[in-house]
Amino acid sequence: YSLPPLPSLMLIEAMALEGKGGSEYLKRAISLLTWGLQLEESDWMPRPEEMHALYRIQGLERRAMAYFLLDDFPRAIQDSRRALDVLSHSGGPNDFLPYLYQLIILSDVALNAMDDAERTAAEFESRTGSELAAQIHRELRRFGSDPTRALRELGKVATLQIEVH
């Protein structure tokens, strides 16, 4: 019997903290995920490379969500982009793509960076060809001049289970 690697346990604990909500829990989750990502990148834990990549993607994605929930949109975008980069270079599962792109788009809209949101939506649509991506892209083109309305409309079509303000 062997225990899961420490970064994996930290990821599970961070997810539990995120589930509790509240800024203190989210800040603790970010700290755990940051430490887990640092441990994962060190050489002390031999594992197959695809496992390292998967953990990095999951850790960055969860930390991006915590930043998003704390209204720290630039960091949410940064971690989402880093996770997309790891995903592109590792050949990891594309299951993360919709989630990561939606985090970036919603963060851009919250920052009133509508051109960035539209570019990201176009990238999402081009990369995945999914109906969800096309629908998000259409909504941004429709309401791109009104960030408040765009957020409200995107909240109706986005698959993220988060409250959009």
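About the criteria used
Residues numbered from 1 in each chain as written. Predicted model: local features only at pLDDT ≥ 70, side-chain atom pairs only at ≥ 80, totals over all residues. Heavy atoms only, no water. Helix = DSSP H or I, 4+ residues; strand = E, 2+ residues; numbered from the N terminus. Buried < 20%, exposed > 50% of the residue type's maximum accessible area, 1.4 Å probe, protein only. Areas by Shrake-Rupley, 256 points an atom, 1.4 Å probe, with all protein chains shown as cover. Contact = heavy atoms within 4.5 Å. Salt bridge = Lys/Arg side-chain N within 4 Å of Asp/Glu carboxyl O. Patch = residues over 30% accessible without salt bridge, like charges linked within 9 Å, V, L, I, M, F, W, Y side chains within 5 Å. Phe/Tyr/Trp six-rings, centres within 6.5 Å; stacked < 30°, edge-to-face > 60°. pLDDT = per-residue confidence, 0-100. Core = buried A, V, L, I, M, F, W, Y, C linked by side-chain atoms within 4.5 Å.

A. Quick look at the overall build of the protein. A count of helices and strands for the protein gives eight helices and zero strands. Per-residue burial over the protein gives 47% buried out of 165 residues. Accessible surface computed for the protein: about 8,700 Å², of which carbon and sulfur atoms make up 51%.

B. A look at helix 8 (residues 147-157). Within helix 8 the residues assigned to the buried category are Pro147, Ala150, Leu151, Glu153, Leu154 and Val157. Here the buried face of helix 8 lies against helix 5 (97-110), helix 6 (114-128) and helix 7 (131-143).

C. Broad picture of the pattern of salt bridges. Counting across every chain of the model gives twelve salt bridges. Its salt-bridge partner being arginine 62, residue glutamate 18 comes within 2.3 Å of it at the nearest N-O pair. Taken together, the positions of glutamate 18 in helix 1 (residues 6-20) and arginine 62 in helix 3 (residues 49-69) put the pair 44 residues apart, joining distant regions of the chain. Arginine 62 gets classed as buried once you look at its relative accessible area, which sits at 16%. Ionic pairing is found between arginine 81 and glutamate 123, a salt bridge with its closest N-O pair at 3.1 Å. You can see arginine 81 sitting in helix 4 (residues 73-90) and its partner glutamate 123 sitting in helix 6, a full 42 residues away along the chain. Residue classification places arginine 81 among the partly exposed positions, given a relative accessible area of 30%.

D. Up close: the side chain of arginine 63. Along the chain, arginine 63 turns up in helix 3. Among all residues touching arginine 63, those that are not within four sequence positions of it are Glu18, Ile30, Leu33, Thr34, Leu37, Asp79 and Arg82.

E. Seen up close, a nonpolar patch on the surface. Judged by side-chain polarity, Leu6, Leu9, Ile12 and Trp35 come together as a nonpolar surface patch covering roughly 380 Å² of accessible area. Considering each element in turn, the nonpolar patch owes the most residues, three residues, to helix 1. You can see isoleucine 12 is positioned in helix 1.

F. Highlighting the packing of aromatic side chains. Evaluated as defined, the whole model comprises two aromatic pairs. Relative to phenylalanine 73, the ring of phenylalanine 68 has its centre 5.3 Å away and its plane inclined at 70°; by these criteria the two rings are edge-to-face. Classification of phenylalanine 68 by relative accessible area gives buried; the value is 7%. Residue class for phenylalanine 73 comes out buried when judged on its relative accessible area of 11%. Ring centres of tyrosine 101 and phenylalanine 124 lie 5.0 Å apart, and the angle between their planes is 20°; on these two criteria the pair is classed as stacked. Of this pair, tyrosine 101 sits in helix 5 while phenylalanine 124 sits in helix 6, and the two are 23 residues apart along the sequence.

G. Local environment of the confidence of the model for the protein. Residue-level pLDDT values for the protein average 85, and 87% of them are 70 or greater. Least confident of the elements in the protein is helix 1, whose mean pLDDT is 81; most confident is helix 6, at 95.

H. Molecular detail of the nonpolar core. Counting residues in hydrophobic clusters, the biggest one holds 47 residues, and the most contacted among them are Phe68, Ile105, Val109, Phe124, Ile136, Leu140 and Leu154. The set of elements that each furnish at least two residues to this core consists of helix 1, helix 2 (23-41), helix 3, helix 4, helix 5, helix 6, helix 7 and helix 8. Contact partners of isoleucine 136, with chain neighbours within four places excluded, come to Gln102, Ile105, Ala121, Phe124, Leu154 and Val157.

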